Amino acid sequence: MAKINTQVSHPVVRTMDRDLDHVENGLSRVHSRGEETSSELQQEIAMETRGQAESRQSSYTSQGQARVSRLIISLRAWATRHLNHEAQRPDSFLERFCGAELKEVSSRESNAQSNVGSQEPPDRGRRNKKATMVMDPSSNMYYRWLTLIALPVFYNWCLLVCRACFDELQSEHVMLWLLLDYSADFLYGLDVLVRARTGFLEQGLMVKDAQRLWKHYTKTVHFKLDILSLLPTDLAYFKLGVNYPELRFNRLLKFSRLFEFFDRTETRTNYPNLFRIGNLVLYILIIIHWNACIYFAISKFIGFGTDSWVYPNVSNPEYGRLSRKYIYSLYWSTLTLTTIGETPPPVKDEEYVFVVIDFLVGVLIFATIVGNVGSMISNMNASRAEFQAKIDSIKQYMQFRKVTKDLETRVIRWFDYLWANKKTVDEKEVLKSLPDKLKAEIAINVHLDTLKKVRIFQDCEAGLLVELVLKLRPAVFSPGDYICKKGDIGREMYIIKEGKLAVVADDGITQFVVLSDGSYFGEISILNIKGSKSGNRRTANIRSIGYSDLFCLSKDDLMEALTEYPEAKKALEEKGRQILMKDNLIDEDVAKAGADPKDIEEKVEHLESSLDTLQTRFARLLAEYNATQMKVKQRLSHLERQVKVSGSDPLSDGGIPGDAAKTEIKEQ
């Protein structure tokens, strides 16, 4: 670090400015070293203090600037520490669910933030990034590129055939078409580069080697189609002129990108059924559009107005306009393909052939429309139809059992509440196709905030919390429903997600306290803590004021999860015991007594069930052994019969006789 020069008096101000720059540069380097910041900062301030002591004989101005520099340094150091230490801290409760990959991501983010002020030249990092820049097919950037490349593909599929058939459309806007055509060609060329750098998975890992990506791309059909679509066939413009857009029909070979865009959009959209209907309509419109252009081209080849089937004579001003030509052709194509209405009958053979092909295509289109639209509509209403079937079956049951109208109305209103608030989804049924890891992550994202509010689960192991999250079951209660009553056996604990519950007296009217979102109850009764004065009985009446959405955790599910976590079970019981002691609801003498006979009985029952399982497996193995032994005996008997029939004994030369062999096998 620079020191203040006390030998020269007149350049003090410049020296102080230079020193301040050096100090700031040094401080910026210190930012990249997290643990050395405070020590080096103290050295900087000490050096400046010594410099000030040496320059006391200089002017008063230099002393003031030195104080300002120290103040700036101190402020910068304080701001740096404040920003680094006051960064957003992760939730300690949530950190226990984070796997190694999440911790690695967080460490990479922290390292990136710590290297913000680094003075290291970035050339090496840039070279590495360029060398390994690969497009991930599942990324948003790749989808955006698909959206961009789909535009020129759709442009070529819609307008090339139209420009080739309708001469006025091509000749009146030549410059516009040239600009759009070569812009599309430019995007086609970029797409080849993107595909050459699009990664693929090998053994579950993304391949990022440029040479391997290029070899993989060149072996695919897409590479051949991309090269064919970029062949410069429009060089024939120099000989034929620019009014021959059919020379660019090879650009239509890029259709795979358009289909890929549609597939990705259908996967990403929140309204897949609506998108499928729109996609189907788009396909039909493109087919009708192409058919209209082909009809007009055939009419032009045969001659306008030569018979009743072709397009009327264009010398007539009414039929000479470009808009009338296209609309008339589109109208004829729509009537023919949809087999609706009447069109002029064909006259010549080629006209008959074209109409027959159109009728066949029209039949396929009609069948496709009916089938796809019908399946889409049924899929859109599948959930409603399934829900309505449940309501109808319950209504029939209540009518058959002659349930009171009041109770029937409550049941119907409960179903209406479920449908109106979209609570009819069976989570287990929906998520059953996912692996357990993804099920746990989804459940954690959905239920974690609720589970965090339960005191006894605050310090549990992450594995146990995942097990408990997967076992939470939603439950909806109607107004006036009792969730539990005093004296009932506690088999579940409840966590309130939405709604309000009241702790009421035995009359059901007097309210002691109102429980709202985030509250929980019944956790002590399902732990079956030894010495509890209430045992596993409920100690209060809890009633739903309105519609309440709760999460339920049964005692069996909790105990099943705790069997694999004995330490967590002890910790939970200790927490519950402390809560009971705080509320004076535990008998300490009973709690300090020996082991509970019920626990011993449960262990004995568990051993008996295990023994039964072992006996069953042993019996199965014994049956398999007997069956195998019987097969060996049968094969041996078969061999003996074959030897007798052949009249020779293959074991006669020093071998074991047949009876001896049979005796030996029996002994084994």
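Before any of the text, the structure's been laid out above.
Residues numbered from 1 in each chain as written. Predicted model: local features only at pLDDT ≥ 70, side-chain atom pairs only at ≥ 80, totals over all residues. Heavy atoms only, no water.

Caption draft 1: Local environment of the nonpolar core. Of all hydrophobic cores here, the largest spans 28 residues; its most connected members are Leu-464, Ile-495 and Leu-558. Contributions of two or more residues to this core are made by helix H21 (436–452), helix H22 (462–471), strand E5 (492–498), strand E10 (548–554), helix H23 (555–562) and helix H24 (566–582). Those residues in contact with Ile-495 that sit more than four places away from it in its chain are Thr-450, Leu-451, Val-454, Ser-519, Tyr-520, Asp-549, Leu-550 and Phe-551. Of all hydrophobic cores here, the second largest spans 18 residues; its members include Cys-165, Leu-169, Val-310 and Trp-332. (Core = buried A, V, L, I, M, F, W, Y, C linked by side-chain atoms within 4.5 Å. Buried < 20%, exposed > 50% of the residue type's maximum accessible area, 1.4 Å probe, protein only. Helix = DSSP H or I, 4+ residues; strand = E, 2+ residues; numbered from the N terminus. Contact = heavy atoms within 4.5 Å.)

Caption draft 2: Spotlight on the pairing of E10. Among the seven residues in E10, seven count as buried, and that is most of the element. Side chains Ser-548, Leu-550, Cys-552 and Ser-554 of E10 all project onto a buried face; the interleaved residues Asp-549, Phe-551 and Leu-553 project onto the opposite face, where all are buried too. Pairing geometry for strand E3 (residues 473–477) and E10, over five bridges, is antiparallel. Bridge pairing in E10 links Pro-474 to Phe-551. Note that E5 and E10 share six bridges and pair antiparallel. (Pairing = 2+ DSSP bridges.)

Caption draft 3: Region of the structure containing helix H7 (residues 140–165). Taking 1.5 Å per residue, 26 residues should reach 38 Å; H7 reaches 39 Å between its end C-alpha atoms and fits that length. At Leu-159, H7 shows its largest kink, close to 30 degrees. (Expected span 1.5 Å × (residues − 1). Bend = angle between axes of the 7 residues up to and from the residue.)

Caption draft 4: Structural view of the sheet that holds strand E4 (residues 482–484). Read across the open sheet, the four strands follow the order E4-E9-E6-E7; overall the sheet is antiparallel. Edge positions in the sheet fall to E4 and strand E7 (511–515), since each of these pairs with one other strand and no more. Each neighbouring strand pair of the sheet contributes to a mean axis angle of 30 degrees, computed without reference to strand direction. Where strand E6 (residues 501–504) lies against E7, four bridges are found, and the strand directions are antiparallel. Residue pairing across strands places Leu-501 opposite Leu-515, the latter belonging to E7. (Axes fitted to C-alpha atoms, helices over the stretch in contact; angles between N-to-C directions.)

Caption draft 5: Highlighting helix H18 (residues 382–400). When the terminal C-alpha atoms of H18 are compared, their 27 Å separation across 19 residues agrees well with the 27 Å that a helix rising 1.5 Å per residue should span. All of the buried residues in H18 are Phe-387, Ile-391 and Met-398. In a view along the axis of H18, the buried residues occupy a sector of 40 degrees, so they form one face of it. Across from the buried face of H18, at angles greater than 90 degrees, the exposed residues are Glu-386, Gln-396, Tyr-397, Gln-399 and Phe-400. Residues of H18 that are buried make contact with helix H19 (405–420). Immediately beyond the C-terminal end of H18, within one or two residues, lies Lys-402, with a positive phi of roughly 60 degrees. (Arc of directions from axis to C-beta.)

Caption draft 6: Inspection of the side chain of Ser-544 at higher detail. Residue position: Ser-544 is located in strand E9 (residues 541–544). Leaving out residues up to four positions away in the same chain, Ser-544 has contacts with Phe-477, Ser-478, Pro-479, Gly-480, Asp-481, Ile-483, Lys-500 and Leu-501.

Caption draft 7: Up close: a negative patch on the surface. Together, Glu-601, Glu-602, Glu-605, Glu-608 and Asp-612 give the surface a local cluster of negative charge. Relative to the helices and strands, Asp-612 is located in helix H26 (residues 597–646). Judged by relative accessible area, which is 44%, Asp-612 ranks as partly exposed. (Patch = residues over 30% accessible without salt bridge, like charges linked within 9 Å, V, L, I, M, F, W, Y side chains within 5 Å. Areas by Shrake-Rupley, 256 points an atom, 1.4 Å probe, with all protein chains shown as cover. Salt bridge = Lys/Arg side-chain N within 4 Å of Asp/Glu carboxyl O. Lys, Arg positive; Asp, Glu negative; His and termini not counted. Charge placed at Lys NZ, Arg CZ, Asp CG, Glu CD.)

Caption draft 8: Highlighting the packing of aromatic side chains. Inspection of every chain in the model, using the stated rule, returns 29 aromatic pairs. Both rings, one in Tyr-143 and one in Phe-261, keep their centres 6.0 Å apart while their planes meet at 20 degrees; by these two values the pair is stacked. Placement of Tyr-143 in helix H7 and of Phe-261 in helix H13 (residues 255–268) is noted, with a sequence separation of 118 residues between them. With respect to burial, Tyr-143 and Phe-261 carry one shared label: buried. (Phe/Tyr/Trp six-rings, centres within 6.5 Å; stacked < 30°, edge-to-face > 60°.)

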